[in-house]
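# Understanding the architecture of this molecule
Spelled out from the first residue to the last, the chains are:
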Amino acid sequence: MCRVSGVSFVSASDFRQIAIRAESGKAERLFRAAVSAFCSLTRPSRREIAQLEDLTLPLFANVSVESRRYVAAALSECEYAPAALVRRLCEEPVDVAAPLLIRSCALSDIDLIALIGRHGLPHARAIARRKDLNPTIAQLIRALEKPTLVSVRQPEAIAKTAPESAEIVAPSPDSQQVPGAAAENARRRLRSLMRADAESGGATVNPFAGAETYVKLRETALTGNAAFFQTALADALEIDFSTARALTANQNYASLLAALRALDFGEERAFLITAAVYPTEFPHPQAIRIFLDRYRLLHRDAALDRLRGWKAEILSKAIRNAGPISANADIRKADSDNAAARPKARHV
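As the structure is a computational prediction, the values presented were derived from the model and not from experiment.

Here is what the cut-offs are and how they apply
- Residues numbered from 1 in each chain as written.
- Predicted model: local features only at pLDDT ≥ 70, side-chain atom pairs only at ≥ 80, totals over all residues.
- Heavy atoms only, no water.
- Helix = DSSP H or I, 4+ residues; strand = E, 2+ residues; numbered from the N terminus.
- Buried < 20%, exposed > 50% of the residue type's maximum accessible area, 1.4 Å probe, protein only.
- Contact = heavy atoms within 4.5 Å.
- Areas by Shrake-Rupley, 256 points an atom, 1.4 Å probe, with all protein chains shown as cover.
- 1 Å grid on protein atoms, 1.4 Å probe; cavity = no way out; pocket = protein on both sides within 12 Å on 5 of 7 lines; lining within 4 Å.
- Points joined across faces, edges and corners; volume = space filled by probe spheres on them.
- Polar contact = N/O pair within 3.5 Å; in protein donor to acceptor, adjacent residues only side chain to side chain.
- Salt bridge = Lys/Arg side-chain N within 4 Å of Asp/Glu carboxyl O.
- pLDDT = per-residue confidence, 0-100.
- Core = buried A, V, L, I, M, F, W, Y, C linked by side-chain atoms within 4.5 Å.
- Phe/Tyr/Trp six-rings, centres within 6.5 Å; stacked < 30°, edge-to-face > 60°.
- Lys NZ or Arg CZ within 6 Å of the ring centre and 35° of its normal.
- Expected span 1.5 Å × (residues − 1).
- Arc of directions from axis to C-beta.

### Regarding the overall build of the protein chain
When helices and strands are tallied, the protein chain shows 18 helices and two strands. Counting every position in the protein chain, which comprises 348 residues, the buried fraction comes to 44%. Taking all contacts inside the protein chain whose residues are at least 6 apart in sequence as the whole, residues at least 24 apart take part in 68%. Counting every atom, the protein chain has about 18,400 Å² of accessible surface; 53% of that belongs to carbon and sulfur.

### A look at the layout of surface pockets
Counted as a void, the second largest pocket has a volume near 890 Å³. R46, A50, E53, D54 and L298 are, among the 23 residues lining the second largest pocket, the residues nearest its centre. Where the lining of the second largest pocket is concerned, the elements lending two or more residues are α3 (46–56), α5 (83–90), α15 (254–262), α17 (285–297) and α18 (300–321). The element best represented in the lining of the second largest pocket is α3, accounting for seven residues.

### Looking at the side chain of E92
Position of E92 among the secondary structure elements: in the loop between α5 and α6 (94–103). Side-chain polar atoms of E92 contact the side chain of R68, separated by 2.9 Å. Once you skip the residues sitting within four places of it in the chain, E92 turns out to touch F60, R68, A97 and H123.

### What to know about the pattern of salt bridges
Inspection of every chain in the model, using the stated rule, returns 15 salt bridges. The salt bridge partner of R308 is D305, with a shortest N-O separation of 2.5 Å. With R308 and D305 both in helix α18 and three residues apart, the pair spans about one turn of that helix. Via salt bridges that share partners, E66, R69 and D95 belong to a single interconnected network.

### Re the confidence of the model for the protein chain
Mean pLDDT over the protein chain: 74, with 66% of residues reaching 70 or higher. Considering only residues more than four positions removed or in separate chains, one finds that residues 1–8, a stretch of pLDDT under 50, has 10 contacts.

### Topic: unusual backbone geometry
Trans peptide bonds make up most of the peptide bonds, and negative phi angles are found at most residues other than glycine. We note that E238 has phi near 60 degrees; this positive angle belongs to a residue other than glycine. Its place among the elements puts E238 in the loop between α13 (226–237) and α14 (241–247). Given a relative accessible area of 41%, E238 falls into the partly exposed group. In this structure, D264 takes a positive phi of about 65 degrees despite not being glycine. Here D264 shows up in the loop between α15 and α16 (267–277). The class of D264 is partly exposed, set by a relative accessible area of 45%.

### Examining the nonpolar core
Judged by nonpolar contacts, the single largest core of 81 residues is most densely connected at L75, I127, L217, L237 and F291. A per-element tally of this core places α18 first, with seven residues. Leave out the neighbours within four places in its chain, and L217 touches F229, A232, L233, A236, L260, L263, F265 and I273.

### Quick look at the packing of aromatic side chains
Overall, the coordinates contain nine aromatic pairs when judged by the stated rule. Between F271 and F282, the aromatic rings sit 5.0 Å apart at their centres with planes inclined by 80 degrees, giving edge-to-face as the arrangement. Taken together, the residues span a long stretch of sequence, with F271 in helix α16 and F282 in the loop between α16 and α17 at a distance of 11 residues. Of the two residues, F271 and F282, both sit in the buried class. Members of the aromatic cluster, joined through ring pairs, are Y253, F271, Y278, F282, F291 and Y295. If you follow R269 out to its NZ or CZ, it ends over the ring of Y214, 4.4 Å from the centre.

### Regarding helix α4 (residues 65–76)
In this model α4 runs 16 Å from its N-terminal to its C-terminal C-alpha over 12 residues, within 8% of the 16 Å that 1.5 Å per residue would give. Every buried residue of α4 is accounted for by S67, R68, V71, A72, L75 and S76. Buried residues of α4, viewed axially, fall in a sector of 165 degrees; they line one side. Against α2 (27–39), α5 and α6 lie the buried residues of α4.

Okay, here's the thing in structure tokens:
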């Protein structure tokens, strides 16, 4: 550790030593110490950010509410706070998450929309205190605060126009004349699309994420046709086609790795699929070892956070476009280069 102009800096080696020196049963102290050491870094590297996530997320369930509150307050002032840890803290009750909801720059507009969809008014009120809040988000919060300003359709009309599981309310001629109706309808669409994730608490991705999903992803990956695999990936993650395509369009497999980890695949299955999609990334055994190390170190909570972010981004775009949204709509659109090979769109 060195001191420059009265400010302490913790080196990467010092930061790592915190975990090495920790004894069994010291999760509480380690959790606080790791975050405190990280916050003293003026400009942490990506590796140091990843190290903090790898260290703290597995400890999360074993630390007290008071420690979570302490860490949330500390990270709320941190310019380079680890996004996965911040998002995990924001899933806590508002008395813990409030400092991050109000101040953290690690939360994007997409993150804020997703948090409102999952936690409702308590989190929304804290988010409303953020400076320079996106007008779309402010509109959603106002709709939550004053839902009585919005006209409610009769149950018979709802039953005729929408499935029982949906909360989507199409605007009627009367509702468009009522102040706040558009905001409330946007909020209903938000909650409908985020329902599955909110009810599961992030524990699962979808009920079919098992052997059948793996076989489908494996077989489509082995065809060598990108559109086939991207369609299967969109189905497995319950995202749109364009997002699935973006996950596999990168030069590296980092996004695909997170997607497969969110599906909770074993490392052998994840490697086979990744190698089929990115065959040039594994020219020698060392490259395979690096992949396996990265996959083992990627905590599933962090991967699920990434998946929630992708879903929230889809929702955010739909709200900005002000088009009709359906919880079960297939809004995939294939790339023109793959149009000839793309299978016909399916509606679920």
